[in-house]
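Notes for the structure review
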Amino acid sequence: MKRVYLDNAATTLCDKRVVDAMIPFYTDKYAVASSQFSHSPGIESKEALDKARETIANKIGAKLEEVIFTSGATESNNMAIKGVAQANRTKGNHIITSSVEHRSVREAIESLEKEGFRVTKLPVSNEGFISVDDLKESIRKETILVSIQYANQETGTIQDIASIGSVCNEKSVIFHTDAALSFGRLPIDVKKEHIDLLSITAHLIHGPKGVGVLYIRDGIEIVKCMYGGFNEFNKRAGTENIPGIVGFAKAVELIGPEEIKYIKKLKKRLYDGITKRLDAVQLNGTQKESLPTILNLTFRFVEGESVILHLDMKGIAVITGSACFSRSLEPSYVLKAMGLSHEEAHGSIRFSFSRFNTEEEIDYTIDAVYDVVKKLREISPITPNK
Amino acid sequence: MENIYLDHAAWLPVDTRVLKFAEGFLKNGVGNASALYSFGLAGKKVIEEAREKVAKLINAESENCIVFTSGATESNNLAIKGTALRNIKKGKKLKASSIEHISVLNPMKELQKNGYEFNTISVDSTGILNLDELERSLTKETVVTSVMYANNEIGTIEPIREISEIVHKKGGYLHVDATAAAGRIPIDVQNDRIDLLTLSSNDIYGPQGTGALYIKKGVKLQSVLPGGGQERGLRSGTENLFGIAGMGEAARIAKNEIAQESERLGKIRDKLIIEILRIDESFLTGHPTQRLPHHASFRFSRIEGESILLNMDMYNIQVSTGSACSSKTLEPSHVLLAIGLKHEEAHGSMVLTLGHSNSIEQIPKITKAVKETVERLRGLSPL
C-alpha cells in the first residue's frame, strides 16, 4: 500500500545522512566526553561534542556555553520552567504563559501552581495569537517568568516573539520559548529576539529521537532538574548521548533554504486542492504568520477520528488535535482556546509536512481526503441539504 | 598496534546484533508511537516488546513494571525523587551507601532542601555495606534506601538479598542501582524483593541515551517529567523508538549469554589480577571474590591514576582511573575514600573493565604495559 506520512509535527524521518554520522559513535568511537583526563578516543569524543555544540549555537546566535544538551524538548521545557521558577522563588511567584502551550509546558507550569506559584494564562485570538498588550498588562512586580511558544504545535500560528521578547526585556522578566516546531523552519536569533531560554529538539528536523537542547542565556540562574555528575556546564547531569548529539548537529547542517520554500509549496498545494473540491472547510490558525510545515483544517459535519481512520486505510498518516492528544477523545484545548466549538474542534485534521513529502503524495492526499470526507458527510446525520 | 579497550564501565560499543535489530527504527522509524494511525501502532508494539525483554532480564513480575527513561541518571533521579515526594506521608528520611554513584547521592542531597534527612551507611574495606549499621540507622520514617547492586569503581557486589530483608523489616522502599551489574551477573528482582531498580542501556551493549526503571507493582511515584503523559505518565516525551528497541534487544541477548560471557571474562580477570599483583606495592581494590566478573581494580602506591591512564594510552590500551563521571574533578574518588584509603592512596588507582572485544591472548600485552607504566612513573615520582 502507498504510504504518505503527514504527521511531521509529531516526529520526522531521521535523515540517512544523520544516521550515517551517528553509527560510528555507537559502534567504534568511544563516546564518553566527561573525563578531563582521558585517553585519545575520549578526547576525540569530546571534540565531536564541542563541534556539535558549536553548530547549534551558531544556528540560534548563542554562545557555546549557553547550549545545554538534554533528552528532548519535554525535558528542556521542564528544566527551563521549573529550574527558573525554583531559582527565582525569592524574587516572586508569578508566571505568565499562553493557553495554547504544548503539554510539557502546560503541565510543568501546573506542577508549579500546585506548589503555590500564581499563573496567568493569556487567551489567544481566533487565529491563535496572544496579545502583546495583554502580556504587558499582566506583568507585575512578582512576575519572574514568561513562557510563550514560538509557534503552535497544532495550527502553526507564529507568535510575535521579537515583541514579546522586548516587553520581557524592558520589564526584566525572564522569557522562555518552546521552539520545538519552529527551529529549522524559521530563522531564530536568541539575542535579537531577547530570548532567555529556548527549547528545541532533534527529532522534528530529521534528527534522532531522545536529544534536545535548552539554550540558557548567560547569567540566567537555574536550578538543576537532574542531579548527578557535572556534565553540561554543571547544568544537566548524565552521560552525554554523543551519537544522538552528533546526529542532532548533522540534522542542523542539512537544513537548507530551498527546503522551506519547497515545504511551503506543498502546504499551499494541499490547501488549494482541498478547498477547491470541498465546501465547508475551515482553516484553523492563520494564513500569513504560520509555520510552513503545518496545515490544520476543520471539515464541517464529520468527526476527525473517522477521517483519520479512513485516511489510515489509504496509507495516509495524519492526526486530529495534537499527537500527544490522540490518546483521549477530548477535543483539543488549543482549538477550544481559539474559540472553536466542540464540533469544529472534533472535525479538525492536522497535516504536517517535511522535505521527504512529494507533490505526487499531496495530490494523492487531496483525492483521498475528498473521497473520505464526501463519503462521511453522506452518512452524517448533521450534514445539511443531503 | 592493536587497540585494547579496557574501559567498558564508561562506554560500550553497541552490539552489532542490537544495531542490526534496531537500526531500522532509527532509519525508517517514523511515526509517533502514541498516535492512533497504523505507523504509530507499530511503534507502540516495538516498545511493548522491548519492555517485555527488559522485564525478563531482571525477572520482573510484569512488563508493565518497566518505564523507559533517557538513562541511568534520570532513572536514579526518578526513583529517588519520585518515590520520596509521592510517599512523603510515610516519612522524610533517606539512606544510601557511601559508595553510591553521584546520580544517587546528589538527588538525595538535593532533597535535604525540601526538609528530608539524608545519611550514608558506611562500607568495609572491601566495599561491602555495613549491615549492622544499616539495621541500626533505619527507622519507620525511612522512605527510600538506595544501595547499588555492584560498584562501578571497585567491582564489589553487595548482598542485596540481605539488605532487602533489613530494609523491608522497617517498611521502607529499596532502590537498587544496577547500572554496573545488569548484564554481568543474573538479577532477580522478585527473589531479591527489590522495589525500584535502575538499568542503563549502554551498559548492556545497547544504544546510549536510553535507560529504564523497574518499579515494583504497587509502588507509587510522582512524575518528575510531566508533559504528554507517555510511560504511564511517569516520563513524558516522544518515545525514543531506536533506543528502546535497542535496549530491549540488548537485554534479550544479555539474558541468553550472561552465564557464558561472565565465565569467559572471569577467567581473563583472574589471570590479570594475578599478573598485576606481582608488581611491587600493588593492591587489589574492592572485594577479592564478591566482585563483578569483568572487573579488576587496583591501586599502586607512589603514582597518579591520571598518569597511568595517559601512559597506557601510548600502548593503545584504554583504562580508567575511576568513575568516568567524577574524573572531571580533581577530588579523589569518594568510593576509594569510603573503603578507607588515604587521599594519596586513592589517587593511584587503575580500573580495568572487560567486554566482548577482550580475549585471553591480550593478557601478556596488558600486563607488560602496566608493569612498564608503573616502573616509569615511579622513576619520575618525587615520592
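This one's a predicted model, so the numbers in the text were calculated from it and none came from an experiment. (Residues numbered from 1 in each chain as written. Chains lettered and ligands numbered in written order. Predicted model: local features only at pLDDT ≥ 70, side-chain atom pairs only at ≥ 80, totals over all residues. Heavy atoms only, no water.)

Observations concerning the interface of chain B and chain A
Put simply, the rule reads: We call two residues contacting when some pair of their heavy atoms lies within 4.5 Å. Accessible-area loss on putting two parts together, using a 1.4 Å probe and summing over both, is the definition of buried area adopted here. Counted as a polar contact is a pair of N or O atoms within 3.5 Å, where, for protein atoms, one must be capable of donating a hydrogen and the other of accepting one, and residues adjacent in sequence contribute only when both atoms are in side chains. A helix here means a DSSP run of H or I that spans at least four residues, while a strand means a run of E at least two residues long, and both kinds are numbered starting from the N terminus.
Taken residue by residue, the interface counts 62 residues in chain B and 62 residues in chain A. In total, about 5200 Å² of surface goes out of reach between chain B and chain A, with carbon and sulfur atoms giving 63% of it. At the surface where chain B touches chain A, the tally comes to 9 residue pairs in polar contact (both at pLDDT 80 or more). By residue number, the principal contributor to the side of chain B that touches chain A is helix H4 (residues 102-111) of chain B, which donates 5 residues.

Observations regarding the pairing of strand E3 (residues 94-98) of chain A
All names here are of chain A. In plain terms, the rule: Three exposure classes are used, based on accessible area relative to the maximum for each residue type with a 1.4 Å probe and protein chains only: buried under 20%, partly exposed in between, and exposed over 50%. Pairing between strands requires that DSSP locate at least two bridges from one strand to the other. Handedness of a crossover is defined as follows: with both strands directed away from the viewer, a clockwise route from the first strand across the helix to the second makes it right-handed.
Within E3, 5 of the 5 residues are buried, leaving the element largely enclosed by the surrounding structure. By the alternation rule, side chains of E3 split into His-94, Ile-96 and Ser-98 and Ile-95 and Thr-97, which are all buried. Examined bridge by bridge, E3 and strand E4 (residues 118-122) share 5 bridges and lie parallel to one another. Residue pairing for E4: His-94 is matched across the bridge by Arg-118. For the handedness criterion, the β-α-β arrangement of E3, helix H4 (residues 103-114) and E4 is classed as right-handed. Examined bridge by bridge, E3 and strand E5 (residues 143-147) share 4 bridges and lie parallel to one another. From the neighbouring strand, Thr-97 faces E5, where its bridge partner is Ser-147.

Description of the environment of Thr-201 of chain A
All names here are of chain A. Positionally, Thr-201 belongs in strand E7 (residues 197-201). Assessed through its relative accessible area of 3%, Thr-201 is described here as buried. It is 8.3 Å that separates the C-alpha atoms of Thr-201 and Leu-181, two residues lying 20 residues apart in sequence. Setting aside anything within four residues of it in sequence, one finds Thr-201 in contact with Gly-72, Ala-73, Ala-180, Val-211, Gly-212 and Phe-248. Only 3.3 Å separates the side chain of Thr-201 from the backbone oxygen of Val-211, close enough to count as a polar contact.

A few points about the domain arrangement of chain B
All names here are of chain B. This is how it is decided: Boundaries of every domain are those given by an automatic assignment or by a domain database. Here, a salt bridge means any Lys or Arg side-chain nitrogen found within 4 Å of an Asp or Glu carboxyl oxygen. Each residue is assigned to one class: nonpolar for Ala, Val, Leu, Ile, Met, Phe, Trp, Tyr, Cys and Pro, charged for Asp, Glu, Lys and Arg, and polar for all the others, Gly among them.
Each assigned domain of chain B is listed with its residue range as follows: domain 1 (4-11 + 258-380) and domain 2 (16-253). For domain 1 versus domain 2, the distance between C-alpha centres works out to 27 Å. With 32 residues of domain 1 in contact, the opposing surface of domain 2 contributes 31 residues. Approximately 2400 Å² of surface area, both sides summed, lies buried where domain 1 meets domain 2, with 59% of it carried by carbon and sulfur atoms. Applying the counting criterion to the domain 1 and domain 2 interface returns 0 salt bridges. Where domain 1 packs against domain 2, one counts 9 residue pairs in polar contact (both at pLDDT 80 or more). Contributing elements (two or more residues each) for the side of domain 1 that touches domain 2: helix H7 (241-276), strand E10 (295-300) and helix H9 (334-338). It is H9 that provides the largest number of residues to the side of domain 1 that touches domain 2, a total of 4 residues. Residues that form the side of domain 1 that touches domain 2 fall into these classes: 15 nonpolar, 16 polar and 1 charged.

A closer look at helix H6 (residues 160-169) of chain B
Residue and element names in this part refer to chain B. Buried within H6 we find Ile-160, Ile-163, Ser-164, Ile-166, Val-167 and His-168. Residues of H6 that are buried sit in contact with helix H5 (131-137), strand E5 (142-146) and strand E6 (173-177). Immediately downstream of H6, the backbone of Gly-171 shows phi near 85°, a positive value.

Describing unusual backbone geometry
Even without being glycine, Phe-233 of chain A reaches a positive phi, approximately 55°. Positionally, Phe-233 of chain A belongs in helix H7 (residues 231-234). Here Arg-193 of chain B, not a glycine, exhibits a phi torsion of approximately 50°, which is positive. Note that Arg-193 of chain B resides in the loop between E6 and strand E7 (196-200).

A look at the side chain of Arg-355 of chain A
Residues and elements named next belong to chain A. If you trace the backbone, Arg-355 turns up in the loop between strand E12 (348-352) and helix H13 (359-379). For Arg-355, a relative accessible area of 16% corresponds to the buried category. Separated by 3.0 Å, the side chains of Arg-355 and Asp-15 make a polar contact. There is a polar contact of 2.9 Å between the side chain of Arg-355 and the side chain of Glu-259. Residues in contact with Arg-355, not counting those within four places in the same chain, are Asp-15, Arg-17, His-206, Leu-254, Glu-259, Tyr-262 and Ile-263.

Details of the sheet that holds strand E9 (residues 282-284) of chain B
All names here are of chain B. Where we set the bar: Here, axes are lines fitted to C-alpha atoms. For helices the fit covers the stretch in contact, and angles between N-to-C directions go from 0 to 180 degrees.
What the 3 strands build is an open sheet, ordered E9-E10-E12; its pairing is antiparallel. Each edge of the open sheet carries a strand with a single partner, namely E9 and strand E12 (349-353). When strand polarity is set aside, the average angle formed by the axes of neighbouring strands in this sheet is 25°.

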